[in-house]
Structure formats: C-alpha cells, structure tokens
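Geometric and topological summary
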Amino acid sequence: MTPDINKILYATDLSESARHAFGYAADLAAKYKATLTILYVMENLNYTSEVQVGEMVGRKTWEELKRQKQEYLVQKIQDRVETFCTEMATRHDSYQLLGQNILIERGNPQEVILETSQKIGADLIVMGTHGYNILKDALIGGTARKVVRNSEVPVMVIRLPKKK
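Every chain is numbered on its own, with residues counted from 1 as its sequence reads. Reporting of local features is limited, given that this is a predicted model, to residues whose pLDDT is at least 70; pairs of side-chain atoms are given and counted only at 80 or more, and all residues count toward the totals for whole chains, interfaces and linings. Excluded from the side-chain calculation are hydrogens and water; included are all heavy atoms of the structure.

So, the packing of helix 4 (residues 109–120) against helix 5 (residues 142–150)
Just so we agree on the cut-off: Helix axes are fitted only over the stretch in contact, all axes being lines through C-alpha atoms; the angle between N-to-C directions runs from 0 to 180 degrees. In this text, helices come from DSSP runs of H or I with a minimum length of four residues, and strands from runs of E with a minimum of two, each type numbered from the N-terminal end. We call a crossing left-handed when the near helix sits turned anticlockwise from the far one by less than a right angle, and right-handed when that turn is clockwise. Every residue pair with non-hydrogen atoms within 4.5 Å of one another is taken to be in contact.
Where helix 4 meets helix 5, the axes come as close as 9 Å, and the angle between the chain directions of the two elements is 40 degrees. For the pair helix 4 and helix 5, the sense of crossing is right-handed. In this structure, helix 4 uses P109, Q110, I113 and L114 to contact helix 5, whose residues at the interface are T143, K146, V147 and N150.

Quick look at the structure:
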C-alpha cells in the first residue's frame, strides 16, 4: 500500500542538521505533489527569567519590550527562513516548491510541532536531529524524540551523515 501524503510539516531550527533534512522534505513533497509547510519555533524564556526581567524593568515596560522584540524577531526569522529556502532552491529542482507555507510560532518546540501537525492535517513530519547526548550515536535529540513519541502521524528524523 502506498502512503497518501498530501501535507508535509517540515520543522526547522535552521541548523546544519535541519538543512540536511530539508532535502528529504522537499524531495518527498515533490514526489507526492504534497504541500510543504515550513515551521520555525521560537522558544519562550523560562518562567524564572520572565519574572526577573519583568521585576527589573517594570511589568508594563517589559510587555512592550517583548512585543517590540517579537515583531523584530518574527521579521528577522522570516527573512532567515526565506533566505534558507532560496539557498536550498538553488541546489535542486525539487526545492522550487518553496514559498508555500512558512510559519513562525512561539512556545515549546515539541508541543508547537505536534499542535501544528494536527492543525494543518499533516500526513508526515520531517525534521533533523542533533542527538546531543552522551549516547548521541544511539539516541535522537530531545525534541525529535518527544515528537516521535507523541505524534499521531509518521515522523521522519534525519541525521547528518558522518563526516569522512
């Protein structure tokens, strides 16, 4: 039975590993004529940092600074994602499907990836992994592992090839 893949969610942190995984996402999207949604998740400050900074500058000032910074970051990341996509598009014909859906969200990466997958009705999630761990050759990275464990759809986790 051939899988019915119409929507692919590609989660990226713009790392070298993610760039490598992008090739798989783009090729699969071209092969299946699927929509490719590119997702970048900006992590929130932890609660303690949030409270400390808010107390230092004042709650109202902190909220305004966060709003301004969010707007700046969204534009900066949007530019980075688009540059990344353009760069990848020059490497292979199947990358010409870019400019479809680029999402930039805030929150916990694994939660946002899973929520976005459900929201868009993804049939497949593609992501790279760093595998930063003492046992990195045996385990995948924390975010990828949590997505694999909790996803309702297949997840393709791509590691960088070993350097020769």
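A short note on the packing of aromatic side chains
Stated formally: Ring pairs shown here join Phe, Tyr and Trp side chains whose ring centres sit within 6.5 Å, with only the six-membered ring taken for Trp; geometry is labelled stacked below 30 degrees between planes, edge-to-face above 60, and tilted in between. To sort residues, take the accessible area from a 1.4 Å probe on protein chains only and compare it with the maximum for the residue type: under 20% means buried, over 50% means exposed, and anything in between is partly exposed.
Taken as a whole, this structure holds one aromatic pair when the rule is applied. Measuring from ring centre to ring centre gives 5.1 Å for Y10 and F22, while their planes differ by 65 degrees; the resulting arrangement is edge-to-face. One end of the pair, Y10, is in strand 1 (residues 7–12); the other, F22, is in helix 1 (residues 16–32), with twelve residues separating them in the sequence. Here F22 falls in the buried class, since its relative accessible area comes to 0%.

Here's the deal with helix 1
Inclusion rule: The span you would expect from a helix comes to 1.5 Å times its residue count less one.
Given a rise of 1.5 Å per residue, 17 residues ought to cover 24 Å, and the 25 Å separating the end C-alpha atoms of helix 1 matches this to within 8%. Among all positions of helix 1, only S17, A18, A21, F22, G23, A25, A26, L28 and A29 are buried.

Considerations on the side chain of T12
Note the following rule: Polar contact criterion, stated in full: a pair of N or O atoms within 3.5 Å, where within protein one must be able to donate a hydrogen and the other to accept it, and residues adjacent in sequence count only if both atoms are side-chain atoms.
Residue position: T12 is located in strand 1. For T12, the side chain forms a polar contact with the side chain of Y10, separated by 3.4 Å. Every residue in contact with T12, bar those within four places of it in the chain, is listed here: A18, I38, L39, Y40, V41 and F84.

Focus on the pattern of salt bridges
Basically, it comes down to this: A pairing counts as a salt bridge when a side-chain nitrogen of Lys or Arg comes within 4 Å of a carboxyl oxygen of Asp or Glu.
Taken as a whole, this structure holds one salt bridge when the rule is applied. Here R59 ties to E63 by a salt bridge, and the two come within 3.9 Å at their closest N and O atoms. Taken together, the residues R59 and E63, both in helix 3 (residues 59–89) and four residues apart, mark about one turn of the helix.

Some remarks on the sheet that holds strand 3 (residues 101–106)
Worth spelling out the cut-off: Two strands are counted as paired when DSSP detects at least two bridges linking them.
With parallel pairing, the five strands of this open sheet are ordered in space as 3-2-1-4-5. Edge positions in the sheet fall to strand 3 and strand 5 (155–159), since each of these pairs with one other strand and no more. Sheet twist, expressed as the mean angle between neighbouring strand axes with direction ignored, is 25 degrees. Note that strand 1 and strand 2 (residues 35–42) share six bridges and pair parallel. Pairing of Y10 across the sheet is with I38, part of strand 2. Running at roughly 150 degrees to strand 2, helix 4 makes contact with strand 1, strand 2, strand 3 and strand 4 (124–129) of the sheet. Contacts from helix 5 reach strand 4 and strand 5, with the element oriented near 160 degrees to strand 4.

Some words on unusual backbone geometry
A positive phi angle, close to 55 degrees, is found at K33, a residue other than glycine. Within the fold, K33 resides in the loop between helix 1 and strand 2.

Remarks on the pairing of strand 4
Counting buried residues in strand 4 gives six out of six residues, a clear majority hidden from the surface. Residues L124, V126 and G128 line one face of strand 4 and the alternating positions I125, M127 and T129 line the opposite face, and both faces are buried. Where strand 1 and strand 4 come together, four bridges link them in parallel fashion. Looking at strand 4, one finds that L9 is bridged to I125.

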